[in-house]
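Chains, contacts and geometry: an overview
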Amino acid sequence: MVESSAGRPAPPPVEARSLAALVVAHRACTRCADAGLIPSARPVFSGRPGQRVLLVGQAPGPVEHDVTRPFAGRAGRELVRWMLRAGFADEEDFRARVWITSTTTCFPGRRPDGAGDRRPGPAEVALCAGWLEAVLHLLAPRLVIPVGSLALSRLLGGLRLDDAVGRAFDAAGRPVEEASPTAGRVLVPLPHPSGQSRWLNDPARRRRLDAALELLSGLLDWTVR
Ligand code: SF4
């Protein structure tokens, strides 16, 4: 269970018996606005029952907030380029096959210094944790793609991007060596495609991204078997 910065337990997973009920409840969520953590709540995610891949980013940006569509801005265009390299036919194919959400699903606002979007704080992550846990439970994806360090810490706590990108892990955080494991959920972390991230400035790290996309390419067919 995720804990807030004050050490309080996060709210329990949302009680929803179906993905349809979960989507309705999640779209109506205003917890962070009610707590004064964000100016207004507008949850952004997309998905449909039957998808076997879950992608988890950091948080929506202003473009995503405006159009209520995940990864709709510049970072999203880069992510889609990565997904095409991983084997999706086109953006439509990617969005049709992947439930796309984020660690916190409402735009957290700009940083006070104006240099980019604010990284969601522990209290928002804790408040939003139940939605992510619920979709993991109800969708039961075979492949999970944490995108960026916040999603990585949420799903594979303790691992850094430098340790994780280019490798696959099982749900317990153990490295998975086989490209086509026979059972269980597999997680393949990616860095964040945002221009704010400097992580990919290092050529060695770009090779790690290449390896991660290669891994995804080998796992996509497996997810629908
Ligand atoms: S970020 Fe998550 S918990 Fe916070 S208001 Fe939006 S949907 Fe609700």
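Quick caveat: nothing in here was measured; it's all calculated off a predicted structure.

Reading guide: rules and limits
- Residues numbered from 1 in each chain as written.
- Predicted model: local features only at pLDDT ≥ 70, side-chain atom pairs only at ≥ 80, totals over all residues.
- Heavy atoms only, no water.
- Phe/Tyr/Trp six-rings, centres within 6.5 Å; stacked < 30°, edge-to-face > 60°.
- Lys NZ or Arg CZ within 6 Å of the ring centre and 35° of its normal.
- Buried < 20%, exposed > 50% of the residue type's maximum accessible area, 1.4 Å probe, protein only.
- Helix = DSSP H or I, 4+ residues; strand = E, 2+ residues; numbered from the N terminus.
- Pairing = 2+ DSSP bridges.
- Near = heavy atom within 4 Å.
- Nonpolar A, V, L, I, M, F, W, Y, C, P; charged D, E, K, R; others polar.
- Salt bridge = Lys/Arg side-chain N within 4 Å of Asp/Glu carboxyl O.
- pLDDT = per-residue confidence, 0-100.
- Contact = heavy atoms within 4.5 Å.
- Expected span 1.5 Å × (residues − 1).
- Polar contact = N/O pair within 3.5 Å; in protein donor to acceptor, adjacent residues only side chain to side chain.
- Core = buried A, V, L, I, M, F, W, Y, C linked by side-chain atoms within 4.5 Å.
- Axes fitted to C-alpha atoms, helices over the stretch in contact; angles between N-to-C directions.

With that settled, consider the packing of aromatic side chains. Two aromatic rings are characterised by how far apart their centres lie and by the angle between their planes. The final tally for this structure, using the stated rule, is one aromatic pair. Taking the centre distance of 5.5 Å and the plane angle of 65° together, the rings of phenylalanine 88 and phenylalanine 94 count as edge-to-face. Taking NZ or CZ as reference, arginine 27 lies 4.0 Å from the ring centre of phenylalanine 45, over its face.

In this section: the pairing of strand S3 (residues 143–146). Residues Leu143 and Ile145 line one face of S3 and the alternating positions Val144 and Pro146 line the opposite face, and both faces are buried. Looking at chain direction, strand S1 (residues 53–57) and S3 are connected through four bridges and run parallel. Bridging across to S3, valine 53 finds its partner in leucine 143. Where S3 lies against strand S6 (residues 186–187), two bridges are found, and the strand directions are parallel.

This part is about the site of the ligand. As a matter of local geometry, the ligand sits amid His26, Cys29, Thr30, Arg31, Cys32, Ala41, Pro43, Thr105, Cys106, Leu127, Cys128 and Trp131. Going through the elements one at a time, helix H2 (31–34) and helix H6 (122–139) are the ones with two or more residues in the shell around the ligand. Along the lines of polarity and charge, the residues of the shell around the ligand split into eight nonpolar, three polar and one charged.

So, about the pattern of salt bridges. Considering all chains together, one arrives at twelve salt bridges under this definition. For aspartate 117, the salt bridge identified is with arginine 110, shortest N-O distance 2.9 Å. A single network of salt bridges, built from pairs that share partners, joins Arg69, Glu91 and Arg95.

What follows covers the environment of alanine 204. By the secondary structure assignment, alanine 204 is in helix H9 (residues 203–223). Residues alanine 204 and arginine 111 lie 93 residues apart in sequence; the distance between their C-alpha atoms is 29 Å.

Here the protein chain shows a mean pLDDT of 90. Residues at 70 or above account for 91%. Here residues 1–9 is a poorly scored stretch, pLDDT under 50, and it has 15 contacts once near neighbours within four places are set aside; other chains count.

Here H9 spans 30 Å end to end across 21 residues, near enough to the 30 Å set by a 1.5 Å rise per residue. Among the residues of H9, Leu209, Ala212, Leu213, Leu215, Leu216, Leu219, Leu220, Trp222 and Thr223 are the ones counted as buried. In this structure, the buried residues of H9 make contact with S1, helix H4 (74–86), helix H5 (91–97), S3, strand S4 (168–170) and S6. For H9, the capping residue at the N-terminal end is aspartate 202, with a side-chain oxygen 2.8 Å from the backbone nitrogen of alanine 204.

Residues Leu55, Met83, Phe94, Leu143, Val188, Leu190 and Leu216 are the most contacted members of the largest nonpolar core, which totals 55 residues. At eight residues, the largest contribution of residues to this core is made by H9. In this view, leucine 143 contacts Arg52, Val53, Leu54, Val186, Val188, Leu216, Leu219, Leu220 and Thr223; residues no more than four positions away in its chain are not counted.

Taking strand neighbours across the sheet as the criterion, the six strands line up as S2-S1-S3-S6-S4-S5 in an open arrangement whose pairing is mixed. Strands at the two margins of the open sheet, each flanked by one partner only, are strand S2 (98–102) and strand S5 (175–176). Against the sheet, H6 touches S1, S2 and S3, its axis set at about 170° to S1.

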